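What follows is the residue order along each chain.
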Amino acid sequence: MSALASAHATVASANVGGRRPAPRRSVSARATPTRAGKLGDTPVPVAVRTSQGEVIDCFTALMRNRIIFIQERVDEDVATRVCAELLALQYEDSTADIRIFINCTAGTQYCVTTILDMMDYISCDISVIAMGCVAGPPAMLMAGATKGKRFAYPSCRIILSQPLGGLSGTSYEVRIQAKELSRNARSQVAFFSKFTGLEFDKMSEYLVRDSYMSPQEAIEINLIDGIIGVDEKLTR
């Protein structure tokens with residue numbers, strides 16, 4: 001039997017009893033957008049349209065306006081990214097201000113001081129706006145910005161605390177780690193003392209235990225300079 005006859009026989013058998021074969025569904029060429037709905041999926045960046053009609057992701061748009069966001073634990077990747085962004089903005093315009101919005105409650109002191117060193121290295125003034133909650137070593141980034149340009153939103157909470165460390169290993173290794181942890185604690189007090197103008201011993205009182213502060217309380221010890229929306233000059 002030829003291939004054509006075989007095909008006709010198949011169609012005929014399908015029409016037995018007056019029934020016709022169900023039509024085949026067509027496949028649309030239009031792609032269905034996917035959403036990152038499962039835990040661990042790569043987040044979809046928010047896109048914005050510029051005044052020139054260009055569509056770019058939100059954080060790229062902010063970078064073009066000399067704005068950096070720190071919204072996650074400050075680790076090596078975050079520190080490297082922020083340092084690279086600071087350098088890029090410095091070489092773009094060494095006289096214009098850079099604004100950093102920070103909403104961060106964790107980070108290693110080594111990575112935070114990496115960003116502090118870069119903030120001190122570049123010539124641009126750096127304005128920091130604290131929002132949400134800023135706690136632990138990342139609070140040094142807020143206090144270490146250019147004097148007169150350190151702000152917070154009214155509902156922000158600021159927490160000063162000692163650096164954390166997990167000690168493990170042999171007794172000799174634990175002693176070495178404890179010595180380094182003590183050095184980090186003294187270093188953090190020294191940074192805050194430098195940024196606020198308080199004496200070392202006075203500053204250390206705020207870091208013996210966790211110290212929770214409102215923006216107004218942070219102003220009183222010179223951690224920040226003003227509150228967004230409260231001080232009239234900051235709303236202009």
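See above for the structure.
Residues numbered from 1 in each chain as written. Predicted model: local features only at pLDDT ≥ 70, side-chain atom pairs only at ≥ 80, totals over all residues. Heavy atoms only, no water.

Novice: A description of the overall build of the chain should follow, citing residues and the corresponding values.
Specialist: Regarding its fold elements, the chain presents eight helices and 10 strands. The burial tally for the chain puts 34% of its 236 residues in the buried class. Long-range contacts, defined as pairs at least 24 residues apart, comprise 65% of the intrachain contacts of the chain with a sequence gap of at least 6. Here the chain has roughly 15100 Å² of accessible surface; of this, 54% comes from carbon and sulfur atoms. (Helix = DSSP H or I, 4+ residues; strand = E, 2+ residues; numbered from the N terminus. Buried < 20%, exposed > 50% of the residue type's maximum accessible area, 1.4 Å probe, protein only. Contact = heavy atoms within 4.5 Å. Areas by Shrake-Rupley, 256 points an atom, 1.4 Å probe, with all protein chains shown as cover.)

Novice: Give me helix H4 (residues 109-121): which residues, what numbers.
Specialist: What sets the pattern is the α-helix's 3.6 residues per turn: residues three or four places apart point alike. Look at H4: 18 Å from first C-alpha to last across 13 residues, which is about the 18 Å you get at 1.5 Å a residue. Lining the buried residues of H4 we find helix H3 (76-92), strand E5 (126-130), helix H5 (139-143) and helix H6 (171-196). (Expected span 1.5 Å × (residues − 1).)

Novice: Explain the pairing of strand E3 (residues 67-70) residue by residue, including any values.
Specialist: By the bridge criterion, four bridges tie E3 to strand E4 (residues 98-102) in an arrangement that is parallel. Looking at E4, one finds that Ile68 is bridged to Ile100. (Pairing = 2+ DSSP bridges.)

Novice: Report on the sheet that holds E4, specifying residues and quantitative values.
Specialist: Taken together, five strands build an open sheet; the order of strands is E3-E4-E5-E7-E10 and the sheet is parallel. Either end of the sheet is taken by a strand with one partner, and the two such strands are E3 and strand E10 (226-227).

Novice: Quick one: what's the story with the pattern of salt bridges, residue by residue and with numbers?
Specialist: Using the criterion set out here, one finds six salt bridges in the structure. Of the charged contacts in the structure, one is a salt bridge between Asp225 and Arg150, with a shortest N-O distance of 2.9 Å. Remark: Arg150 occurs in strand E7 (residues 150-152) and Asp225 occurs in the loop between helix H8 (215-220) and E10; sequence separation between them is 75 residues. Among the ionic pairs, Glu205 bridges to Lys202, the shortest N-O distance being 3.7 Å. Residue Glu205 and its partner Lys202 are located together in helix H7 (residues 200-205), separated by three residues, close to a single helical turn. On the basis of relative accessibility, which here comes to 54%, the residue Glu205 falls in the exposed class. Classification of Lys202 by relative accessible area gives partly exposed; the value is 39%. Shared partners join several salt bridges into a network, and the residues in it are Asp97, Asp125 and Lys149. (Salt bridge = Lys/Arg side-chain N within 4 Å of Asp/Glu carboxyl O.)

Novice: Account for the nonpolar core, with residues named and values stated.
Specialist: If you look at the biggest cluster of nonpolar residues, it comprises 45 residues, and the most contacted ones within it are Ile70, Leu86, Ile115, Leu160, Phe192 and Leu223. Of all the elements in the fold, those that place two or more residues in this core are E3, H3, E4, H4, E5, H5, strand E8 (157-160) and H6. With residues near it in sequence (within four places) discarded, Ile115 still touches Val74, Ala79, Val82, Cys83, Leu86 and Leu141. In this structure, Ile67, Phe101, Phe151 and Ile228 belong to the second largest nonpolar core, which totals five residues. (Core = buried A, V, L, I, M, F, W, Y, C linked by side-chain atoms within 4.5 Å.)

Novice: Got a sec to walk through the packing of aromatic side chains? Specific residues and values, please.
Specialist: Counted under the stated rule, the structure contains two aromatic pairs. Look at Phe69 and Phe101: their rings are 5.1 Å apart centre to centre, the planes differ by 10 degrees, and that puts the pair in the stacked class. Of the two residues, Phe69 sits in strand E3 while Phe101 sits in strand E4, which places them 32 residues apart along the sequence. (Phe/Tyr/Trp six-rings, centres within 6.5 Å; stacked < 30°, edge-to-face > 60°.)

Novice: Would you mind going over H3 in detail, with residue names and values included?
Specialist: In a regular helix each residue adds 1.5 Å, so 17 residues correspond to 24 Å; H3 covers 24 Å between its end C-alpha atoms and thus fits that length. Buried within H3 are the following residues: Val78, Ala79, Val82, Cys83, Glu85, Leu86, Leu89 and Gln90. For H3, the buried positions fall inside an angular range of 160 degrees around the axis, keeping them on one side. Facing away from the buried side of H3 by over 90 degrees, the exposed positions are Glu76, Asp77, Thr80, Tyr91 and Glu92. Here the buried face of H3 lies against helix H2 (58-64), E3, E4, H4 and E5. The backbone nitrogen of Asp77 has a side-chain oxygen 3.2 Å away, supplied by the residue at the start of H3, namely Asp75. (Arc of directions from axis to C-beta. Polar contact = N/O pair within 3.5 Å; in protein donor to acceptor, adjacent residues only side chain to side chain.)

Novice: Account for the sheet that holds strand E9 (residues 211-213), with residues named and values stated.
Specialist: A sheet is described by the order of its strands in space; here three strands give the open sequence E6-E8-E9, paired in mixed fashion. Looking along the sheet, the strands with just one partner apiece sit at the ends: strand E6 (133-135) and E9. Within this sheet the neighbouring strands show an average axis-to-axis angle of 15 degrees, counted without direction. Sheet analysis places E6 next to E8, joined by three bridges and oriented parallel. (Axes fitted to C-alpha atoms, helices over the stretch in contact; angles between N-to-C directions.)

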